[in-house]
Amino acid sequence: MPTHSTRRWLAGLGVVGAFVAASASPAVAAPAAEFELYFEDVTVAADSSGVVRSPALYSSESTVLNKVSVRYDYRSLTGKITLAGGLGNDCAADGEGVLLCNESFPVSVDELYGGFFGEVVIAPTDKAATGDAGELKISLKAAGKEIASYASRIRVGEGVDLQGGPDTTATAAPGGKFQAPLTVINAGTTEVDGVVALFDSDYGIRTKERFDNCLYVDDFLFACSFDEKIPVAGRATATLNYELATDTYAPGREYSYIRFMTPADLEDLLGIREDVGAEKARRGTGKTLSLKTVSARAARAAQTDTDPSNNFSGLTVNVTGKNGADLEAIGATLTGKKGAVLSTPLGFRNNGPATLDYIRSDSAVTYVDVTVPTGTTAVEVPMECAPRTGDNAAWDKAGTPGAASYRCYPGPFAPAGEELTGEFKFRIDKVIANATGTVKVNVPCECEGGFYEDLKPTNDSAKILVNAASGQGGGEGDGGALPITGQSTGLIAGLGVLLLGVGVGGYLVAKRRRTRFVA
């Protein structure tokens, strides 16, 4: 099992983790594959060295593209900006206001994580002025055929430098309340005219307040927008009231990160997020959350942060008390004749009382082993499951049928009270009374993640019985997989707010993983 790095917007990648099995060796692109190309809107500061960006491509199936080229048409801003190749690109001008970049190697496009291309540098010329704006048209070809295109906006703005305040620590029990400061500093040489705070909070961190200048998804705080002006070397502070969800695991830690940006940079991210169909956050209807000094709202020039690396503040919540979880294996009882193919969901249920949230580390909440019943063949298995030999799983063969046993990676989030299952299909090769297989949860694994503090280990194993004799049972397995509803929807949508910080990638990962092991 490969290790996983943190895939959240702090690292510039996704938010919601996905099954590593989906990253198995991709196949050559099929003609039926559908592609989606995205390129974030850009605000570039006048009199700056510019910004570095790259397009992202998503496909309906994992694929490899050959002879890939990307064409950037910025003729609407000729003389105002320039585009040049960056790392990983072989680029050259293709006429005035057009840049053509050829990828040096075949491009792998993962079904979940997409494919990424060489960078381009977008820089203002000495004729660029604040307020200049135009369209950037991007088209992508593979093997001489255009497969995707996208149009984004480029504008010239005023450069500023926001800096996040110091990290803070709080302590609370599940269901308890606590406070934390929200502090932003103007570290640049230009007055900041308005600021936005984006919140990247773990599942347990909630707020009941509904400020009219903040956006929310369920109990998750998404973003707050402030009109206050912050002078050079000045700072502005507000205080937020939080509480922990009652199903927060304890003892443990919950984390939140705040990313500060300008209103113009937020607009750039909002555009692409809406294009991929992210759920819209709702504005609060309560009072206004203010920073220290409030000034009247006035027409403002577009500002962009020239150094986003120092825009973050961290919050650590030490969770006290005891609030654990019981994961119960879900087996099945199946009946059929020789040659019949039987379908059943297998996996586990989190009986709570705590939700398991490993999204921050993007590791599995648990590992599940499935042993195929005697006399049957697994003819279809989830992509999150790989053939297993002993304690080793062949993740490069994830989703491959025909093995005697499998290890499954169900993902980084298990809501209390919900099931996580994947669909298996078994063909009966020989009719055997009480043919038996097993589903085991919380199996030991030398991997990141896993859960080994189960409140009731006695239900960690369930049988898969085929053609059970009278009175025999194989555990629960006839209820089917549940759609994502309730709190887990709030998590995907609520934590989807963080995808503002990463753009399109994380949201598509979150959306597409619903088709796999489902809650």
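Bear in mind that the values here come from a model prediction, so they are computed numbers and not experimental data. (Residues numbered from 1 in each chain as written. Predicted model: local features only at pLDDT ≥ 70, side-chain atom pairs only at ≥ 80, totals over all residues. Heavy atoms only, no water.)

Student: I tried to follow the overall build of the protein on my own but got confused; where do I start?
Tutor: Broken down by element type, the protein carries 4 helices and 40 strands. A sequence separation of at least 24 residues applies to 81% of the contacts in the protein between residues at least 6 apart. Surface accessibility of the protein: about 21,400 Å² in total, with carbon and sulfur atoms responsible for 49%. (Helix = DSSP H or I, 4+ residues; strand = E, 2+ residues; numbered from the N terminus. Contact = heavy atoms within 4.5 Å. Areas by Shrake-Rupley, 256 points an atom, 1.4 Å probe, with all protein chains shown as cover.)

Student: I'm lost on the pattern of salt bridges in this one. Help?
Tutor: Any two side chains of opposite charge can pair if their charged atoms end up close together. Scanning all chains against the criterion turns up 19 salt bridges. Residue E419 pairs with R349 through a salt bridge whose shortest N-O separation is 2.8 Å. In this pair, E419 is assigned in strand 38 (residues 419–428) and R349 in strand 30 (residues 341–353), connecting sequence segments 70 residues apart. One exposure class covers both E419 and R349, and it is buried. In this structure, D369 engages R407 in a salt bridge whose closest nitrogen and oxygen atoms are separated by 2.8 Å. Here D369 is found in strand 32 (residues 368–371), whereas its partner R407 is found in strand 36 (residues 405–408), with 38 residues between them in sequence. Among the charged side chains, a salt-bridge network with shared partners connects R153, R155, E267 and D268. (Salt bridge = Lys/Arg side-chain N within 4 Å of Asp/Glu carboxyl O. Buried < 20%, exposed > 50% of the residue type's maximum accessible area, 1.4 Å probe, protein only.)

Student: Any chance you could explain the packing of aromatic side chains here in plain terms?
Tutor: For any pair of aromatic rings, the description consists of the separation of the ring centres together with the inter-plane angle of the planes. Under the defined criterion, the tally for this structure stands at 11 aromatic pairs. Geometrically, the ring pair formed by F39 and Y72 is edge-to-face, given 6.1 Å between the ring centres and 70° between the ring planes. Of this pair, F39 sits in the loop between strand 2 (35–38) and strand 3 (42–45) while Y72 sits in strand 7 (residues 68–73), and the two are 33 residues apart along the sequence. Assessed through its relative accessible area of 1%, F39 is described here as buried. Look at Y367 and Y409: their rings are 6.2 Å apart centre to centre, the planes differ by 50°, and that puts the pair in the tilted class. Placement of the pair is Y367 in the loop between strand 31 (356–357) and strand 32 and Y409 in the loop between strand 36 and strand 37 (413–414), with a sequence separation of 42 residues. When its relative accessible area of 0% is taken as the criterion, Y409 is described as buried. Above the face of the Y203 ring, R206 is positioned so that its terminal group lies 4.6 Å from the ring centre. (Phe/Tyr/Trp six-rings, centres within 6.5 Å; stacked < 30°, edge-to-face > 60°. Lys NZ or Arg CZ within 6 Å of the ring centre and 35° of its normal.)

Student: What should I look at first to understand the sheet that holds strand 30 in this one?
Tutor: For sheets, the rule is that strands pair by backbone hydrogen bonds, running either parallel or antiparallel. Taking strand neighbours across the sheet as the criterion, the 4 strands line up as 28-30-38-33 in an open arrangement whose pairing is antiparallel. Two strands in the sheet have a free side with no partner beyond their single neighbour: strand 28 (325–330) and strand 33 (376–380). On average, each strand axis in the sheet is tilted by 30° relative to the strand beside it, whichever way the strands run. (Pairing = 2+ DSSP bridges. Axes fitted to C-alpha atoms, helices over the stretch in contact; angles between N-to-C directions.)

Student: Explain the pairing of strand 7 to me, please; I cannot follow it from the model alone.
Tutor: Two faces, one strand: in a regular strand the side chains alternate between the faces of the sheet. For strand 7, the tally of buried residues reaches 5 of 6 residues, placing the bulk of the element in the interior. Sheet analysis places strand 7 next to strand 10 (residues 98–102), joined by 5 bridges and oriented antiparallel. Looking at strand 10, one finds that Y72 is bridged to L99.

Student: Even after reading the chapter, I still don't get the pairing of strand 34 (residues 385–389), so can you show me in this structure?
Tutor: With 4 of 5 residues buried, strand 34 lies mostly within the body of the structure. With 3 bridges connecting them, strand 34 and strand 36 associate as antiparallel partners. When the bridges of strand 36 are listed, A386 appears paired with R407. Count of turn residues in the strand 34/strand 35 (residues 392–393) antiparallel hairpin: 2 residues, of which G390 carries a positive phi of about 65°.

Without other data, these values stay purely geometric and don't point to any function.
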